[in-house]
Amino acid sequence: MVRSCLLLPWILPNLARGSQTLEWLFDMGGGQQVFPLMDFVASESQEIDAFLEQQRQRLVMPGSSLTQIHDEAAHVRHQSAAANEVALADWLLQIHWSSLLDSDLGRGILAELSAVTPQIESSPCDAASYDVDDVFLERLERSLQGIETLPLEQNEFKWADFFGRKITQQPLCLVGVATLFLVAADITAFASAAEGGEHQMRLERALLFAQSLVRQHVEEAPPGQIDRHRRDLFRSRWPIWRLMRSIQKELDAGHEFRAPQNAALDTPQQETEDLLYLTVIVQCRNDDYGGNMLLRLNRMLATTTRMLHTTQVPSEIIVVEWNPVFNAAAIHEEIQREAGAESVPIRVIQVPTSVHMSMPHHKAHPIFEHTAENVAFRRARGKFILKTNIDNILSPDTILFIARQQLDPNVVYRATYMEYDVTCPEAEGLKADELVEWLFSREEMISGMNMEMADLRLKYPEDALVCTEGRFVPDAPQRPFYWAGSGDFVLASKQKIMEVRGYPEVAQNWQTDDMIHCRLRAAGVRQVVLQPPCVTVHQNHRRINRVRASTRWVITDKNFQEVCENPFKPLKTEIGLDGNWGFADRTFEEHVAPRPPLPTSALGALLRARHVRQLQTSHILRWKIRWKLSPRKTLLKPKAEALRHKARQLLHGFITQDFTANGLFTSSEKSEDWKTGHSLLPRGFNQIKVKGFAPQILAKTRAFVGEWSKFEAGELVEDVNEWLTAMTADAVVSCSMGMDMCNVERLGSKQAPHKFVETFRFGLGVSIGSITAQSEYGLKRFLPFFDAEGQLQEKYQASKKEMQRQVEVLVEATRRGELGDNSIIATMLNDTSADGKRVRYSALYGHVVNLMIAGHETTAATLGFTLQLLAEHPVYEERALEEVRQVLQGRTEPAVDDVPKLQFVEQCFREALRLYSPVTSITRDVAHDTLLGGHRVYQGERINLVTRALHTNPEYWGGEFGDPMSFNPDRFSPEAVRQRHPNAYHPWGFASRACIGSQFALFEAKTFLASILIHFRLQGIPGYRLVASCEGGGAAPSAEKLAFRVFPRPGGPLWADGLMLPLALPVAEAKESMEEDRASISTVSS
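Description of the structure in this document. (Residues numbered from 1 in each chain as written. Predicted model: local features only at pLDDT ≥ 70, side-chain atom pairs only at ≥ 80, totals over all residues. Heavy atoms only, no water.)

**A closer look at the packing of aromatic side chains**
- Scanning the model with the defined rule gives 36 aromatic pairs in all.
- With centroids separated by 5.5 Å and ring planes inclined at 70°, the aromatic side chains of Phe 190 and Phe 257 adopt a geometry described as edge-to-face. Residue Phe 190 is found in helix H12 (residues 174-194), and its partner Phe 257 is found in the loop between helix H15 (240-256) and strand S1 (276-284); the two are separated by 67 residues along the sequence. Phe 257 shares its class with Phe 190; the two are buried.
- Site record: aromatic cluster; members linked through ring pairs are Trp 24, Phe 40, Phe 51, Trp 159, Phe 163, Phe 181 and Phe 209.
- The ring centre of Phe 162 lies 5.7 Å from the NZ or CZ of Lys 158, which sits over that ring.
- Taking NZ or CZ as reference, Arg 948 lies 6.0 Å from the ring centre of Tyr 916, over its face. (Phe/Tyr/Trp six-rings, centres within 6.5 Å; stacked < 30°, edge-to-face > 60°. Helix = DSSP H or I, 4+ residues; strand = E, 2+ residues; numbered from the N terminus. Buried < 20%, exposed > 50% of the residue type's maximum accessible area, 1.4 Å probe, protein only. Lys NZ or Arg CZ within 6 Å of the ring centre and 35° of its normal.)

**Re empty space enclosed by the protein**
- Under the counting rule described, the total for this entry stands at 6 cavities of 30 Å³ or more.
- For the lining of the second largest cavity, the elements supplying multiple residues, two or more each, are helix H39 (844-872), helix H45 (998-1015) and strand S18 (1016-1020).
- Here the element with the most residues in the lining of the second largest cavity is H39; it accounts for 3 residues.
- Tallied by class, residues from the lining of the second largest cavity come to 7 nonpolar, no polar and 2 charged. (1 Å grid on protein atoms, 1.4 Å probe; cavity = no way out; pocket = protein on both sides within 12 Å on 5 of 7 lines; lining within 4 Å. Points joined across faces, edges and corners; volume = space filled by probe spheres on them. Nonpolar A, V, L, I, M, F, W, Y, C, P; charged D, E, K, R; others polar.)

**Things to note about the pairing of strand S4 (residues 382-387)**
- With respect to burial, S4 is a largely interior element, 5 of its 6 residues being buried.
- With 5 bridges connecting them, S1 and S4 associate as parallel partners. In the sheet register, Ile 281 faces S4, and the bridge partner there is Lys 387.
- Taken together, the 4 bridges between S4 and strand S7 (residues 490-493) define a ladder with antiparallel strand orientation. Within S7, the residue paired with Lys 387 across the bridge is Val 490. (Pairing = 2+ DSSP bridges.)

**Description of the environment of His 217**
- Mapped onto the secondary structure, His 217 falls in helix H13 (residues 198-219).
- A residue is classified by how much of its surface remains accessible, and His 217, at 6% relative accessible area, is buried.
- Spatially, the C-alpha atom of His 217 lies 9.6 Å from that of Ala 178, the residues being 39 residues apart in sequence.
- Leave out the neighbours within four places in its chain, and His 217 touches Cys 125, Leu 174, Val 175, His 229 and Asp 232. (Contact = heavy atoms within 4.5 Å.)

**Looking at the packing of helix H2 (residues 21-28) against H13**
- Packing of H2 against H13 leaves a shortest axis separation of 8 Å and a crossing angle of 125°. By the angle class used here, H2 and H13 are oblique. Counted together, Thr 21, Leu 22, Glu 23, Trp 24 and Leu 25 of H2 and Phe 209, Ser 212, Leu 213 and Gln 216 of H13 form the full contact between these two elements.
- For the contact of H2 with H13, the per-class residue count stands at 5 nonpolar, 3 polar and 1 charged. (Axes fitted to C-alpha atoms, helices over the stretch in contact; angles between N-to-C directions. Parallel < 35°, antiparallel > 145°, perpendicular 65-115°, else oblique.)

**A short note on the environment of Asp 102**
- Position of Asp 102 relative to the elements: it lies in the loop between helix H7 (97-100) and helix H8 (104-114).
- As for Asp 102 and Gln 248, which are separated by 146 residues in sequence, their C-alpha atoms are 8.7 Å apart.

**So, the nonpolar core**
- One finds Phe 181, Leu 233, Trp 241 and Ile 247 to be the most contacted residues of the largest nonpolar core, which totals 67 residues.
- The biggest single contributor to this core is H12, with 13 residues.
- Those residues within four positions of Phe 181 in sequence are excluded, and the remaining contacts are Leu 25, Leu 37, Phe 40, Val 41, Trp 159, Ala 206, Phe 209, Ala 210 and Leu 213.
- Counting 61 residues, the second-largest nonpolar core is a separate cluster that includes Ala 860, Tyr 876, Ile 1014 and Leu 1026. (Core = buried A, V, L, I, M, F, W, Y, C linked by side-chain atoms within 4.5 Å.)

**Concerning the state of the cysteines**
- Counting across every chain of the model gives 3 disulfides.
- The disulfide that involves Cys 125 links it to Cys 173, with 1.5 Å between the sulfurs. In this pair, Cys 125 sits in helix H9 (residues 124-127) while Cys 173 sits in the loop between helix H11 (152-167) and H12, placing the two residues 48 residues apart along the sequence.
- For Cys 125, a relative accessible area of 2% corresponds to the buried category.
- Judged by relative accessible area, which is 2%, Cys 173 ranks as buried.
- Each sulfur in the disulfide pair Cys 518 and Cys 564 lies 2.1 Å from the other. An S-S torsion of about -100° defines the bridge between Cys 518 and Cys 564 as left-handed. Of this pair, Cys 518 sits in helix H25 (residues 510-522) while Cys 564 sits in helix H27 (residues 560-565); the two residues are 46 residues apart in sequence, bridging distant segments of the chain. (Disulfide = S-S within 2.5 Å.)

**Thoughts on the pattern of salt bridges**
- Applying the stated criterion across every chain, the model contains 44 salt bridges.
- The salt bridge partner of Lys 387 is Glu 373, with a shortest N-O separation of 3.4 Å. One end of the pair, Lys 387, is in strand S4; the other, Glu 373, is in helix H19 (residues 369-379), and 14 residues separate them in sequence. Comparing Lys 387 with Glu 373, the two get one shared label, buried.
- Note that Arg 1049 is salt-bridged to Glu 877, the shortest N-O span being 3.2 Å. Highlighted residues: Arg 1049 in the loop between strand S21 (1044-1048) and strand S22 (1055-1056) and Glu 877 in helix H40 (residues 874-888), separated in sequence by 172 residues. This pair shows no difference in class: Arg 1049 is buried, exactly as Glu 877 is. (Salt bridge = Lys/Arg side-chain N within 4 Å of Asp/Glu carboxyl O.)

**Focus on the side chain of Arg 980**
- Its place among the elements puts Arg 980 in the loop between helix H44 (974-979) and H45.
- As a buried residue without a salt bridge, Arg 980 has its nearest oppositely charged side chain in Glu 911, at a separation of 7.1 Å.
- Within the structure, Arg 980 has its side chain in polar contact with the backbone oxygen of Tyr 956 (distance 3.3 Å).
- Not counting the four nearest positions on each side in its chain, Arg 980 is found in contact with Tyr 956, Trp 957, Phe 961 and Arg 971. (Lys, Arg positive; Asp, Glu negative; His and termini not counted. Polar contact = N/O pair within 3.5 Å; in protein donor to acceptor, adjacent residues only side chain to side chain.)

**A word on the environment of Met 449**
- Within the secondary structure, Met 449 is located in helix H22 (residues 443-459).
- Remark: the alpha-carbon pair of Met 449 and Pro 532, spanning 83 residues in sequence, is separated by 6.4 Å.

**Brief notes about helix H16 (residues 293-310)**
- With 18 residues, H16 ought to run about 26 Å at 1.5 Å a step, and its terminal C-alpha atoms sit 26 Å apart, in line with that.
- For H16, a buried count of 16 out of 18 residues is recorded, marking the element as mostly surrounded by other parts of the structure.
- Once H16 ends, the next one or two residues include Gln 312, with phi positive near 60°. (Expected span 1.5 Å × (residues − 1).)

**Regarding the side chain of Arg 142**
- For Arg 142, the location among the structural elements is in helix H10 (residues 131-144).
- Residue contacts for Arg 142: discarding those within four places in its chain leaves Ile 147, Glu 148 and Phe 326.

**A closer look at the sheet that holds S21**
- Reading across the sheet, the 3 strands line up as S13-S21-S18 and stay open at both edges, with antiparallel pairing between neighbours. Strands with a single pairing partner mark the edges of an open sheet, and in this sheet they are strand S13 (715-717) and S18. Going from strand to strand, the sheet's axes swing by 40° on average, the running direction of each strand aside.

**Section: unusual backbone geometry**
- For the bond from Pro 532 to Pro 533, the omega torsion is 20°, close enough to zero to count as cis.
- Assignment of secondary structure puts Pro 533 in strand S8 (residues 526-539).
- Here the phi dihedral of Asn 327 falls at roughly 60°; this positive angle occurs in a residue that is not glycine.
- By the secondary structure assignment, Asn 327 is in the loop between strand S2 (315-322) and helix H17 (331-334).
- One non-glycine residue with positive phi stands out, namely Phe 583, at about 55°.
- Here Phe 583 lies in the loop between H27 and strand S9 (589-592).
- Look at Phe 583 and you get buried, because its relative accessible area is 11%.

Structural data, given as structure tokens:
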């Protein structure tokens, strides 16, 4: 007999309200971009909270009907009565799922429902499922059975797959989408019970999203199909109730969990005998986390073993394979040994899945990296341990430093951390010696190291010669820890690591990367920073940092400082630091990778020879890959006198000519196009011409002030760099091309930038690598047959063609006189060089694009640095403001003749330019043999001058002005400039390759700064740290995440008793004129 479950009367009316959860998730994620699922669960977002609160209001808490529902659930399990399933589904759609986890009867209901057998042929949801879903469901099934851990990134890949189906309008099973949120809840449940806090919020969010998606699945059922869609809650293959049951078990385990008490830290630790000098430790598993995992592992092993062997360091490498992947090859079977490394054994220790599953928080991540490393610490045979990871390639000099065998047991050594994309086609198939040669001779790699070296020698001066000479100052002051890549290079004695007991045995995240340093520091170990050429290079690869960030356990950004100050205090979900840390009592299966007995190569002979000679270079960094055709020497403390020597400029290698063509700044001096352009273009930026551009510059400054005057007093403006770039782009295009793009006004009205700028930024971003398939397509790039790289290249080629078309339109309009005769394009079309030549028509595109690169991003970035530095130094801001008031005499903006009088404003801008020059280094090829800074250089060698090192050299910038790193505009007072060496300051380059638009940039900057100072008071964000970064995607470094609170300047033209007045200038008329200009350009284009 079929029993009928007649529930409360509110069920069906509530079901009539559509939640549209999937559409909301899709829109929130940006439409075409896949917003990571865990970000919906973990992000601090009022919008997400508001949406989920609406969903929560549609649910009810269970009442006295729980007993009856438990009976109905049992009946559904045993008899599969359709009427009972429909009625029970109605109840489950309305009841708050969190409440099912809070009572014995609720848990009983979940137990009954989790045992229901799916009937695939009767499920509409499974009709919308595919073979790729079966693969995911198989892994999920093994996870529920405790056979393997389902990696969170696999959940994210499935999320991306579902969104791909949504984009292409394929059938989509919403029960399957809900399942992914329940997987996230399952991962979070243990921490929610053991810790609470943000984990509890994540659990509730995940459950609400899952339930809302299931409700939508039923609500959107076609007419006559609603009962079948209700039954999908029980009969679909997507195991929503088994996951709910798993969540409940994780909650129970978390409530019962008690972290064991730690034994006293002075308890002697059993150690293995030190048979070797060095043990290198890494960990991994064969799940291709981050992409090309085996390739990265083999590269790291091949280069490290080759160099250790050739320098004859008694050493070994331990690879810990934690929680081996189900049905995947073992790591030791995948290691490919190269010739010439036979003296360095590679031990692979396999920690079985059962050990991983025994840890109470095992679902948080499939590999507990630091617990795996503790396993290796306990079994290492080296006197010293180098803890690194499979992504890192060590420089030859780092190995040479270790090969001295003079390591101090009371020191932890940190190597300079760098990143480089080693997955590019150039590196494919390279052997170990070839890869090292290729990597450490890259121009951009060397330039980056030079910048790092300049900074580190200021921050850690006592460690400057440790890498090259092995010497450090024993009684140097305690310095802040060098956190960059903190888990990528930790070199310390095994005795000290045993004393502090390695890492906390908790789930992996980047905060626990730092914890070994906190423990070593607490034990009195001193840090030494190995500076270039001792570096460790992280092989850039596809990352899922957001996913990893969402699995934080115990140690977070908020509590890290507290934990670091007391690093041996037991943590809430730690399994303990007793004598058994690192599973000392377990015997694990171990394999040794085979060692091919083949001779060493040229790299080995070179390293061994260098090891014997122990080259010492304190002032010049000699990159020791000597078979380069043009070896490089870098001035660490460049002398201004050295810049007088004759040298020729090296072609700038940062910006690819594929997009920029043969323009003035990216072409060789031997090029005829460069010679003609260099003769003509400076005429467009002489002082007379620059003054002629004043109306356009003032108009764009006025537009900027007008848009910012629309902010409320004290409003936070977070995208300051975007505003500054819009203003400078408008100015340079208006002056050089005769077109007003109105980007400032567009930004104020939240419109997209002008197509010219959008096309330019995309093309430039792809060409310099700041726009990639990852940044453009996110997780969608992993969808089958999507071909993200192909689509990106297709879009790039289209943008390049569009850019060429738009430049051609501007050139033709200028030729016909429709854009005036005062632009740079007009100069290139009408003037001739000294030898009577004109700019070739085909070269105009390259010059225009080059002007865009150099003419707006550099100025915008320096303006951002200047504004922040003035906000941080109110004394100098007040002096600049007073000068502006004296010059303007009550007017609200500077006239042409006012700009040269703004001397202190210019000093502020020049000082910001000194500290944060957009030109990070200047490269020259030596024209003839000579002495440079006391060092012999030879014809054909390449000299790299680090601009930041020159601009912070205490000999020129210290003395009465204090710390060279400090902001002090008085360094550029007329008297100070006269006394300083003329070659001590080169922010725009020098000689024939100097920036031709420096006068234009100064005029524009002074005009803008004067207007901002007279109209606004900018308040910096408390705790903000000024950092130069290229993360914004541009060619010039800018202030990272620059933001201000904007107030009207007291007593200024926008001040109204503390409120902001809109700008009282004819902005509307200016806009109308700009629209007319734009319409004329559109007519020309069509």
